[in-house]
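# Summary of the model geometry
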Amino acid sequence: MEEMVEQIELLLENSDQEALREYLNNLNISDVEVLIGEFPEHGPLFIDLLLINRAVNVFRILDFPTQERILKKVSGAKVRELIYELPPDDRTALFSEMHGDTVKVLIQQLPADDRREALRLLGYKEDSVGRLMTPDYITVKKTWNMERVFAHIRKYGRDSETIDVVYVIDSNGALIDDIRIREILLADPETKVNDLMDSRLIALNVNDPQEEAINVFRMNNRTALPVTDDADILLGIVTVDDILWIANEEYTEDIQKIGGTEALDEPYLDINLFRLVKKRIGWLIILFLSEMLTTTAMQSYGGELEAVTMLAFFIPLIISSGGNSGSQASTLIIQAMALGEVKLADWWRVMRREILSGLMLGVILGIIGFLRVSVWTTFSNVYGAHWLLMAFTVCFALIGVVLWGSLAGSMLPIALKKLGFDPATSSAPFVATLVDVTGLMIYFNIAMLIFGSLMHAK
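The model shown is predicted, which means the values in this text are computed figures rather than measured ones.

### Regarding the overall build of the protein
Summing up its helical and strand segments, the protein has 22 helices and six strands in all. A total accessible area of about 24600 Å² is found for the protein, and carbon and sulfur atoms account for 57% of it.

Here's what the structure looks like:
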């Protein structure tokens, strides 16, 4: 990598564009993408110097802010070539990120058929499978033999996104089945398509959410899946490379939400500072106001704190343990829901598991808390004559708070999903704040039960 960067620096220093052109065109497209990251100000030049097919392949793997920056600075002729040569699904993804006026200008530069195709794909909902699909695929009829299929592939395969799979349609364009190219290659030339069909068809609906498509690809060993409408008419295909991009975006977005911020939608170092603050301040304000309830809760138990001042020593321990268990449960359930391992109907199974696991975790921490008070008392008698009451208070409070944290953290994502919200918004900080307030109530109520008459006497 260092050698490559040094070579580029030397060529740029010498302003040797011909040598630079030759060097870039002999690199892997992933290497060119890395170089654009290393030399962002020269990205447009690199794209301009590349052969058009290589320029397109590099351009399509860049993040949107970089794509936008390049489109603003490369020549008009290169922009037209890039937009024209981009696969329809990548073109749609680019257009959907751009401002309306810019999209109109770029669409007008496309040939009539491509323009209609672009407008049709942009007509689907933003997070639907329709936005991902490409219309470039191979279809055959079930009455054809392999010889005719091969002739058809040779004629139209060059324009197809992939020829790993061919699709069998009827006279109305409805999808009947799909056949892997391996089966076609190994079949006798006189074999009919109908003889290779197994009716084990897996297809996506054009209006399906993209997250659902990710799960379908994950569960099935396919490089591409067909996309149909409600009448089973074949409209396009979605390939695994697009799904990998979407899965990465979904994962990044969920991680950011779990961390207690809005999705950034662009790389951290590229986002405007004021937009970064705007993305973060909303949740921080909500969490700050929520944490004020913790103060209110402590004030309402002021009498108990005055009566047994050593209760205050364990407040951070109690609320952090509950928050941590809640954050763990929330993260596990959000991830399981994203992978399709947990569905809304599984809520009772999840609750039952979290009651048991929360109870076990609480007992373990409770015993440690009990031992902590006992050991400290042995060496310093810091908790006075009532150390045993304090030890039992800490022990049972930890059991209750950890159990409650596990339940709250696991049920909140499911409840949000049921209400139509993104489960990832039940972020770890939000769960921790919720458990902080309720954890204090559990702690002080257990203390009141155990210390009882001692508090009333004081």
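Past the structure itself, the notes keep going.
### Brief notes about the pairing of strand β2 (residues 165-169)
Of all five residues in β2, five are buried; the element is thus mostly enclosed. Burial along β2 is two-sided: the residues Val165, Tyr167 and Ile169 and Val166 and Val168 are all buried. Of the pairings in the sheet, the one linking strand β1 (residues 139-140) to β2 comprises two bridges and is parallel in character. Paired with Thr139 across the two strands is Tyr167, which belongs to β2. A crossover connection joins β1 to the parallel β2 through helix α11 (residues 146-156); in handedness this β-α-β unit is right-handed. Both β2 and strand β3 (residues 175-180) contribute to a ladder of five bridges, which runs antiparallel. Among the inter-strand pairings, Val166 is bridged to a residue of β3, identified as Ile179. Turn length for the β2-β3 hairpin, with the two strands adjacent in sequence and antiparallel, is five residues, and the turn residue Gly173 shows positive phi of about 90°.

### Topic: the packing of aromatic side chains
Applying the stated rule across the entire model yields six aromatic pairs. On the numbers, 6.1 Å between centres and 15° between planes, the contact of Phe392 with Phe396 is stacked. Taken together, the positions of Phe392 and Phe396, both in helix α20 (residues 387-418) and four residues apart, correspond to about one turn of that helix. For Phe392, a relative accessible area of 34% translates into the label partly exposed. Between Tyr443 and Phe444, the aromatic rings sit 5.3 Å apart at their centres with planes inclined by 40°, giving tilted as the arrangement. Overall, Tyr443 belongs to the buried group, its relative accessible area being 0%. Aromatic rings pair up to connect Phe370, Phe392 and Phe396 into one cluster. Arg372 extends its terminal NZ or CZ atom over the ring of Trp376, reaching a point 4.0 Å from the ring centre.

### As for the environment of Glu85
Along the chain, the position of Glu85 falls in helix α7 (residues 76-85). C-alpha of Glu85 to C-alpha of Ala55: the two residues are 30 residues apart in sequence and 9.6 Å apart in space. Apart from the residues within four sequence positions on either side, Glu85 is in contact with Ile52 and Val56.

### Side note on the nonpolar core
Most often, soluble globular proteins have nonpolar side chains that are buried together. Counting 36 residues, the largest nonpolar core has Leu24, Leu35, Ile47 and Phe95 as the members making the most contacts within it. Leu24 has contacts with Ile8, Val32, Leu35, Phe46, Leu49, Leu50 and Arg54, leaving out every residue within four places of it along the chain.

### Structural notes on the confidence of the model for the protein
Regions with low pLDDT carry predicted coordinates that are not meant to be interpreted in detail. The share of residues in the protein with pLDDT of 70 or more is 86%, and the mean pLDDT across the chain is 81. Looking at the elements of the protein, mean pLDDT is at its lowest for helix α22 (residues 453-457), recorded as 53, and at its highest for β1, recorded as 92.

### Regarding unusual backbone geometry
Leaving glycine aside, a negative phi is the common case for residues, and trans is the common case for peptide bonds. The phi angle at Asp232 is positive, at roughly 70°, despite the residue not being glycine. By the secondary structure assignment, Asp232 is in the loop between β5 (224-228) and β6 (234-239). With a relative accessible area of 46%, Asp232 lands in the partly exposed category.

### Remarks on helix α5 (residues 52-59)
It helps to recall that an α-helix has 3.6 residues per turn; residues three or four apart then point in one direction. Along α5, the residues that are buried comprise Arg54, Ala55, Val56, Val58 and Phe59. Buried residues along α5 sit in contact with α2 (17-25), α3 (29-38), α4 (43-49), α6 (64-73), α7 and α8 (88-97).

### Here's the deal with the layout of surface pockets
Empty space within the second largest pocket amounts to approximately 570 Å³. Glu85, Pro87, Pro88, Asp136 and Asp159 are, among the 20 residues lining the second largest pocket, the residues nearest its centre. Elements supplying a minimum of two residues to the lining of the second largest pocket: α5, α7, α8 and α10 (112-122). Per-element tally for the lining of the second largest pocket: the top contributor is α5, with four residues. A breakdown of the residues in the lining of the second largest pocket according to their chemical character gives seven nonpolar, three polar and 10 charged.

### Details of the sheet that holds β1
Strands belonging to one sheet form pairs held by backbone hydrogen bonds; the direction of such a pair is parallel or antiparallel. If you trace the three strands from one edge of the open sheet to the other, you get β1-β2-β3, paired in mixed fashion. Looking along the sheet, the strands with just one partner apiece sit at the ends: β1 and β3.

### Some remarks on the packing of helix α18 (residues 315-338) against α20
The relative placement of two packed helices is expressed as an angle between their axes plus a distance between the axes. Following both chains from N to C, one finds α18 and α20 inclined at 30°, their axes separated by 7 Å at the closest point. With respect to each other, α18 and α20 are oriented roughly parallel. The handedness of the crossing between α18 and α20 is right-handed. Contacts from Leu317, Ile318, Ser321, Gly322, Ser325, Gly326, Ala329, Ser330, Ile333, Ile334 and Met337 of α18 reach α20 at Val394, Ala397, Leu398, Val401, Val402, Gly405, Ser406, Gly409, Ser410, Pro413, Ile414 and Lys417.

### What about the pattern of salt bridges?
The full count for this structure, using the stated rule, is six salt bridges. Between Arg222 and Asp178 there is a salt bridge; the shortest N-O distance is 2.7 Å. Placement of Arg222 in the loop between α14 (210-219) and β5 and of Asp178 in strand β3 is noted, with a sequence separation of 44 residues between them. Arg349 is the salt-bridge partner of Asp346, the closest N and O atoms lying 4.0 Å from each other. By relative accessible area, which is 19% here, Asp346 ends up buried. By relative accessible area, which is 54% here, Arg349 ends up exposed.

### Regarding a negative patch on the surface
A grouping of Glu2, Glu3, Glu6, Glu9, Glu13 and Glu38 is seen on the molecular surface, where their side chains present a negatively charged patch. Looking at which element gives the most residues to the negative patch, the answer is helix α1 (residues 2-13), with five residues. Looking at the secondary structure, you find Glu3 in helix α1. Here Glu3 falls in the exposed class, since its relative accessible area comes to 68%.

About the thresholds
Every residue gets a number counted from 1 within its own chain, in the order that chain's sequence is written. This being a predicted model, a pLDDT of at least 70 is required before a residue's local features are given, and a value of 80 or more before pairs of side-chain atoms are given or counted; all residues contribute to the totals for chains, interfaces and linings. Processing note: side-chain calculations cover all non-hydrogen atoms of the structure and skip hydrogens and water entirely. Going along the chain from the N terminus, every DSSP run of H or I of four or more residues is numbered as a helix, and every run of E of two or more is numbered as a strand. Here, Shrake-Rupley sampling with a 1.4 Å probe gives the accessible areas, and only protein chains in the shown set may cover a residue. Exposure is judged per residue with a 1.4 Å probe applied to protein chains only, and the accessible area is read against the type maximum: over 50% gives exposed, under 20% gives buried, and values in between give partly exposed. DSSP calls a pair of strands paired once it identifies at least 2 bridges connecting them. Assignment of crossover handedness uses the view with strands pointing away from the viewer, where a clockwise path from the first strand over the helix to the second indicates a right-handed crossover. Planes of paired rings set the category: under 30 degrees apart is stacked, over 60 is edge-to-face and the rest tilted, where pairs are Phe, Tyr or Trp rings (Trp by its six-membered ring) whose centres lie within 6.5 Å. A ring is scored as having a charge over it whenever the NZ atom of a lysine or the CZ atom of an arginine sits within 6 Å of its centre and within 35 degrees of its normal. Between two residues, a contact is recorded if the distance between any of their heavy atoms is within 4.5 Å. By nonpolar core we mean a set of buried residues, namely Ala, Val, Leu, Ile, Met, Phe, Trp, Tyr and Cys, connected to one another through side-chain atoms within 4.5 Å. For every residue, the predictor states its confidence as a pLDDT score lying anywhere from 0 to 100. The pocket and cavity definitions rest on a 1 Å grid over protein atoms only: a 1.4 Å probe that fits but cannot leave marks a cavity, an open set with protein on both sides within 12 Å along at least five of seven lines marks a pocket, and residues lining either have an atom within 4 Å of a point. Grid points are joined across faces, edges and corners, and a volume is the space filled by probe spheres set on the points. Think of it as three bins: nonpolar holds Ala, Val, Leu, Ile, Met, Phe, Trp, Tyr, Cys and Pro, charged holds Asp, Glu, Lys and Arg, and polar takes everything else, Gly as well. Here an angle of 0 to 180 degrees is reported between the N-to-C directions of two axes, which are lines fitted to C-alpha atoms, with helices fitted over the stretch in contact. With respect to orientation, any angle under 35 degrees is reported as roughly parallel, any angle over 145 as roughly antiparallel, any angle of 65 to 115 as roughly perpendicular, and every other angle as oblique. Less than a right angle of anticlockwise turn of the near helix away from the far helix marks a crossing as left-handed, whereas a clockwise turn marks it as right-handed. Take a side-chain nitrogen of Lys or Arg and a carboxyl oxygen of Asp or Glu: if they are within 4 Å of each other, that pair is a salt bridge. Patches in this entry comprise residues that are over 30% relatively accessible and not in a salt bridge; like charges within 9 Å are linked, as are nonpolar side chains (Val, Leu, Ile, Met, Phe, Trp, Tyr) within 5 Å. Counted as positive: Lys and Arg. Counted as negative: Asp and Glu. His and the chain ends are not counted at all. The atom standing in for a charge is NZ when the residue is Lys, CZ when it is Arg, CG when it is Asp and CD when it is Glu.

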